[in-house]
Structures are given as structure tokens and as C-alpha cells.
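What follows is the residue order along each chain.
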Amino acid sequence: MSTIANRRSVMMLYSAAECIHCHRVRLVLAEKDITVDIESIDPDNKPEDLLHLNPYGSIPTLIDRDLVLYDSRVISEYLDERFPHPPLMPVDPVSRAQSRLALFRIENDWYSLLPDLESGDSKRVTKAAKNLRDSLIAAADVFSVKPFFLSDEFTLIDATLAPLLWRLRTYGVELPPGDAKPVIDYAERLFAREGFQLSLTEIERDMR
Ligand SMILES: N[C@@H](CCC(=O)N[C@@H](CS)C(=O)NCC(=O)O)C(=O)O
């Protein structure tokens, strides 16, 4: 285990200013008001330390003393268990399983479009943007059931959706005010939260 992991008493997050997966974790940290050192790195020039700690060299990577975690979902679930207040997952097993299923579907159906959306290849971007737009419109009714995603309280599902919805314009996705109103209103509720505002880097703030 790395000496860095052993030396620090405050948690450290390797993050990048524009990285959606890092934003997801920064949002969980902000919502829970967790003290953390955020090490902002250039993803094209990763520090040696990170490459030693994480075999994938991916960000986000969280260091909590001897524990090294990567993958935004793994990190978020750890943070929710380590800092239980406010809880970002339901308590009972059936609801927890349904939340995990929703996270799986968001990652599988929407986050899976990110390589195309961020490819810089206009054909791929246009196709993925249309796919995402149509899919969000098709799901619009789900967003109006409760103030948060199928919940009265902010959860890990909202912390996963908010960074994606914040980036829609940068991906060229324009939601129609009529058909997508529930999605737009839901997004505005998330963006207005103090935790969300605190989670933003300067570059992310300029995205909208
Ligand atoms: N599933 C991972 C994806 C993380 C990811 O793709 N991060 C990008 C930066 S946004 C990365 O580090 N890619 C590997 C690389 O650039 O070498 C997660 O949720 O954390």
C-alpha cells in the first residue's frame, strides 16, 4: 500500500475539472458536507502517484487512509456508508435493490453514450445526442412523480443524473420545453441545491 495512502488523515480525491464521473463524486461529497482534499489533475498527464495506486489510472480515485477506491459508483456507495448522514440510499432491501437497478440503467442506457458524446466526431455526437434526447423525453413522466428521482429526498440516483443533465447543452442536447418539462423542472431543482453549486468546478460552472 502506498505511503501516500498511509500518511494522510483527510481523504483525498483525484479529480479532473471537466470529468462527469468526478463530478458525480464531488456532488456526493458536497451533499454530505464531507471534508476532502481535491487533487485536480490533468487526465492527459496523470501523476505517478495515481498510476501506482490505481491499476486503471482512472479518475475519480479516492484515498481514505489505507483504502484506495475507484469507479464513481463504488466510491459513492462507500461514502454513503462511511458518512451515513444524510443517507443517500433507502433503508429497506427492496428499495435499495430498486435504487441499484435504476443506477445500473442510467449507466447502461445514458452514461454509455458518453464516449460518443465526448468523441468530438460530429456524426457520433449527433447520433448519441438524439438518442439521449429521445430517451429522456420518453422517460419524462418518471421525473414528475416525486421531487427527486422516485424519492422525496435527494439520493445517489440524483447525484448520478445531475452531472449528466448539467452537461446536456455541451453535448448538443436541447430538451423541448413541452414534452420534456418534467425533466427540465427536475434538473432545475437539482441545480438550485447548495450541494450542487458547491460541487461545481469553474469550468463546469461555465458549461451553462
Ligand atoms: N466507470 C468509471 C469511469 C471513469 C472514467 O472513465 N474516467 C475517465 C476520466 S473522465 C478516465 O479516467 N479515463 C481513463 C483515462 O483517461 O486513462 C467511473 O465511474 O469512475
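Look a little higher up for the structure.
As a starting point, this report considers the structure included with it. (Residues numbered from 1 in each chain as written. Predicted model: local features only at pLDDT ≥ 70, side-chain atom pairs only at ≥ 80, totals over all residues. Heavy atoms only, no water.)

**Topic: the side chain of K32**
Working step 1: When you line up the elements, K32 lands in the loop between α2 (20–31) and β2 (36–40).
Working step 2: A distance of 2.8 Å separates a polar atom in the side chain of K32 from the backbone oxygen of P86.
Working step 3: If near-sequence neighbours (up to four positions away) are discounted, K32 is found in contact with L79, D80, F83, P84, H85, P86, P87 and L88. (Helix = DSSP H or I, 4+ residues; strand = E, 2+ residues; numbered from the N terminus. Polar contact = N/O pair within 3.5 Å; in protein donor to acceptor, adjacent residues only side chain to side chain. Contact = heavy atoms within 4.5 Å.)

**Digging into helix α5 (residues 93–110)**
Working step 1: With 18 residues, α5 should reach 26 Å at 1.5 Å per residue; the first-to-last C-alpha distance of 25 Å fits that figure.
Working step 2: All buried positions along α5 are accounted for by S99, A102, L103, I106 and W110. Down the axis of α5, the sector holding all buried residues measures 100 degrees, keeping them to one side. α5 presents P93, V94, L101 and R105 as exposed residues on the side facing more than 90 degrees away from its buried surface.
Working step 3: Buried residues along α5 sit against α2, α4 (72–82), α6 (114–117), α7 (122–138) and α8 (156–166). (Expected span 1.5 Å × (residues − 1). Buried < 20%, exposed > 50% of the residue type's maximum accessible area, 1.4 Å probe, protein only. Arc of directions from axis to C-beta.)

**Focus: the site of the ligand**
Working step 1: In the neighbourhood of the ligand, the contacting residues comprise C19, H21, K46, S58, I59, P60, D71 and S72.
Working step 2: Within the side chain of D71, an N or O atom sits 3.0 Å from a nitrogen atom of the ligand.
Working step 3: For the ligand, an oxygen atom lies 2.5 Å from a polar atom in the side chain of S72.
Working step 4: Within the complex, 62% of the 500 Å² of free accessible area of the ligand lies under protein.
Working step 5: When the residues that make up the shell around the ligand are grouped by side-chain class, the tally is three nonpolar, three polar and two charged. (Near = heavy atom within 4 Å. Areas by Shrake-Rupley, 256 points an atom, 1.4 Å probe, with all protein chains shown as cover. Nonpolar A, V, L, I, M, F, W, Y, C, P; charged D, E, K, R; others polar.)

**What about the packing of aromatic side chains?**
Working step 1: With the rule as written, the count across this model stands at seven aromatic pairs.
Working step 2: Judged by centre distance (5.7 Å) and plane angle (70 degrees), the rings of Y56 and Y70 are edge-to-face. Of this pair, Y56 sits in the loop between α3 (48–53) and β3 (61–64) while Y70 sits in strand β4 (residues 67–70); the two residues are 14 residues apart in sequence, bridging distant segments of the chain.
Working step 3: Three or more aromatic residues joined by ring pairs make a cluster, and in this case those are F143, F149 and Y186. (Phe/Tyr/Trp six-rings, centres within 6.5 Å; stacked < 30°, edge-to-face > 60°.)

**Describing the sheet that holds β3**
Working step 1: The strand order across the open sheet formed by four strands is β2-β1-β3-β4, and the pairing between neighbours is mixed. Edge positions in the open sheet fall to β2 and β4, since each of these has one partner strand only. Neighbour-to-neighbour, the strand axes of the sheet open up by a mean angle of 20 degrees, direction not taken into account.
Working step 2: Where strand β1 (residues 11–15) and β2 come together, five bridges link them in parallel fashion. For S15, the partnering residue across the bridge sits in β2 and is S40.
Working step 3: Along the sheet, α2 contacts β1 and β2; its crossing angle with β1, the most-contacted strand, is approximately 150 degrees.
Working step 4: In the packing of α4 onto the sheet, contacts are made with β1, β3 and β4, and the angle to β4 comes to roughly 130 degrees. (Pairing = 2+ DSSP bridges. Axes fitted to C-alpha atoms, helices over the stretch in contact; angles between N-to-C directions.)

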